[in-house]
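Per-entry structural report
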Amino acid sequence: MDTNSIEKLLISEEDAIRRQLRADTEVDRDRAKTVSRLNDTLSHALLRYNAASTGDRPRQAIADSLAAAVRETFAFLLAGTAEKEISRRPVRTGAIVSLLISIICCLGSMLVIDRSFIAGAVLAVLALVLGFTAGRLWYGEREVRIQAGLDPDAVWKTLKKTASTMDRKIDGLCELEKSWEREAAAAAGDSQNAPVSQEELLLLGDLLEALYSQNGEYALRQLKKIRPYLQHKGIEWKEYDKENAELFELLPTKKEASTLRPALVSGDKLLLPGRAAEHVD
């Protein structure tokens with residue numbers, strides 16, 4: 001079995017998980033137990049998944065992040081409510097008729113019992129029977145209890161589908177990270193192997209010629225070419241003054257303040273701090 005799949009790890013324990021979910025729903029009838037069960041199940045699967053992914057820290061980090069979000073959503077299963085409802089049944093016509101006839105029979109029994117005991121007794125018995133029947137047919141208010149539960153099969157299918165989505169997203173993000181690493185490596189290789197432009201070759205050649213000629217005046221003329229070259233690259237140099245002192249490393253001097261090395265900046269970014277001598281008494 002491929003242990004690098006949360007879905008397959010859950011399927012390997014499908015029977016046990018479904019039995020436990022069914023027991024929580026049908027025996028205990030406690031949704032809180034189901035939520036706790038789902039949390040424990042996913043946590044156990046995540047531990048096994050990360051153990052199988054030892055050495056692949058990005059995959060483990062992504063799995064932990066997704067599982068944490070999924071575990072928080074399990075609480076939605078407790079968001080429903082269950083309330084008692086009282087319904088009123090309509091009174092049947094037969095109950096009213098039976099009650100009226102029972103009353104008539106009772107009155108009749110009282111009127112004829114002195115003249116005919118048997119007739120009075122029959123009417124009395126008939127009144128009792130009709131009264132009992134009316135009571136049986138007469139419906140009052142009844143209480144209806146609502147039991148809010150979960151379908152264990154639906155819960156299992158949702159959990160498995162969620163695990164499948166997690167696997168798909170983890171694999172996708174890992175592949176994306178690898179592609180970024182390949183692009184970064186390719187970009188670094190391209191920058192290292194980038195050819196030197198003709199302008200740069202000419203500048204380097206002039207500077208080397210000045211070095212080998214050991215001619216100070218000629219060397220200074222060649223060094224003046226550096227500033228236009230840096231400007232072409234979007235780099236400016238700043239000479240020292242009181243307004244841009246934060247761009248420089250300051251050294252004390254008894255002479256007048258002067259720039260020892262200009263500061264190199266690109267836009268608002270300081271590329272290289274300058275060095276300057278600052279007059280002190």
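Placed above this text is the structure.
First things first, this report covers the structure right here in the doc. (Residues numbered from 1 in each chain as written. Predicted model: local features only at pLDDT ≥ 70, side-chain atom pairs only at ≥ 80, totals over all residues. Heavy atoms only, no water.)

Consecutive residues of a regular strand have side chains that alternate between opposite faces of the sheet. Where strand 6 (residues 263-266) lies against strand 7 (residues 269-272), three bridges are found, and the strand directions are antiparallel. Across the sheet, the residue bridging to Leu-264 is Leu-272, located in strand 7. (Pairing = 2+ DSSP bridges. Helix = DSSP H or I, 4+ residues; strand = E, 2+ residues; numbered from the N terminus.)

All right, on to helix 8 (residues 198-213) then. The end-to-end C-alpha distance of helix 8 is 22 Å, a good match for the 22 Å that 16 residues give at a rise of 1.5 Å each. Three or more residues of helix 8 are buried, namely Glu-200, Leu-203, Asp-206 and Ala-210. On an axial view of helix 8, the arc spanned by its buried residues comes to 130°, and they lie on one face. Away from its buried face by more than 90 degrees, helix 8 exposes Gln-198, Leu-202 and Tyr-212. In this structure, the buried residues of helix 8 make contact with helix 9 (216-223) and helix 10 (226-232). Two residues or fewer after helix 8 comes Gln-214, characterised by a positive phi angle close to 55°. (Expected span 1.5 Å × (residues − 1). Buried < 20%, exposed > 50% of the residue type's maximum accessible area, 1.4 Å probe, protein only. Arc of directions from axis to C-beta. Contact = heavy atoms within 4.5 Å.)

Time to look at the sheet that holds strand 6. The sheet built from three strands is open, its strands ordered 3-6-7 with antiparallel pairing. Each of the sheet's edge strands pairs with one partner strand only, and the pair in question is strand 3 (236-238) and strand 7. The mean angle between the axes of side-by-side strands here comes to 40°, regardless of whether they run parallel or antiparallel. (Axes fitted to C-alpha atoms, helices over the stretch in contact; angles between N-to-C directions.)

As summarised here, the arrangement of the three strands in space is 4-8-5, forming an open sheet in which the pairing is mixed. Only two strands of the sheet have a single neighbouring strand rather than two, namely strand 4 (248-253) and strand 5 (258-261). On average, adjacent strands in this sheet sit at an angle of 30° to one another, irrespective of strand direction. Across three bridges, the pairing between strand 5 and strand 8 (residues 274-279) is antiparallel. Within the sheet, the bridge partner assigned to Thr-259 lies in strand 8 and is Ala-276.

Before going further, it helps to examine a nonpolar patch on the surface. Taken together, the side chains of Leu-100, Ile-103, Leu-107 and Met-110 present a nonpolar region at the surface, about 410 Å² in accessible area. The topology assignment puts Met-110 in helix 5 (residues 93-112). A residue is classified by how much of its surface remains accessible, and Met-110, at 55% relative accessible area, is exposed. (Patch = residues over 30% accessible without salt bridge, like charges linked within 9 Å, V, L, I, M, F, W, Y side chains within 5 Å. Areas by Shrake-Rupley, 256 points an atom, 1.4 Å probe, with all protein chains shown as cover. Salt bridge = Lys/Arg side-chain N within 4 Å of Asp/Glu carboxyl O.)

Looking at the element boundaries, Thr-25 is found in helix 2 (residues 14-28). Those residues in contact with Thr-25, other than ones at most four positions away along the chain, are Thr-34, Leu-150 and Pro-152.

Remark: helix 3 (residues 31-52) packs on helix 4 (residues 57-73), axes separated minimally by 11 Å, with the N-to-C direction vectors making an angle of 175°. The angle between the axes of helix 3 and helix 4 places the two elements in the roughly antiparallel class. Two secondary-structure elements touch here, helix 3 through Asn-39, Leu-42, Ser-43, Leu-46, Tyr-49 and Asn-50 and helix 4 through Arg-59, Gln-60, Ala-63, Asp-64, Ala-67, Val-70 and Arg-71. Looking at the contact of helix 3 with helix 4 residue by residue, the classes come out as six nonpolar, four polar and three charged. (Parallel < 35°, antiparallel > 145°, perpendicular 65-115°, else oblique. Nonpolar A, V, L, I, M, F, W, Y, C, P; charged D, E, K, R; others polar.)

You can see Asn-50 is positioned in helix 3. A residue is classified by how much of its surface remains accessible, and Asn-50, at 14% relative accessible area, is buried. Leaving out residues up to four positions away in the same chain, Asn-50 has contacts with Gln-60, Ala-63 and Asp-64.

Of note in the backbone geometry, Arg-29 takes a positive phi value of approximately 50° without being a glycine. Among the secondary structure elements, Arg-29 is positioned in the loop between helix 2 and helix 3.

Across all of its chains, the model carries 11 salt bridges by this definition. Where Arg-37 meets Asp-24, a salt bridge forms, and the shortest distance between an N and an O atom there is 3.0 Å. You can see Arg-37 sitting in helix 3 and its partner Asp-24 sitting in helix 2, a full 13 residues away along the chain. A network of salt bridges, in which partner residues are shared, links Glu-14, Arg-18, Arg-22 and Asp-153.

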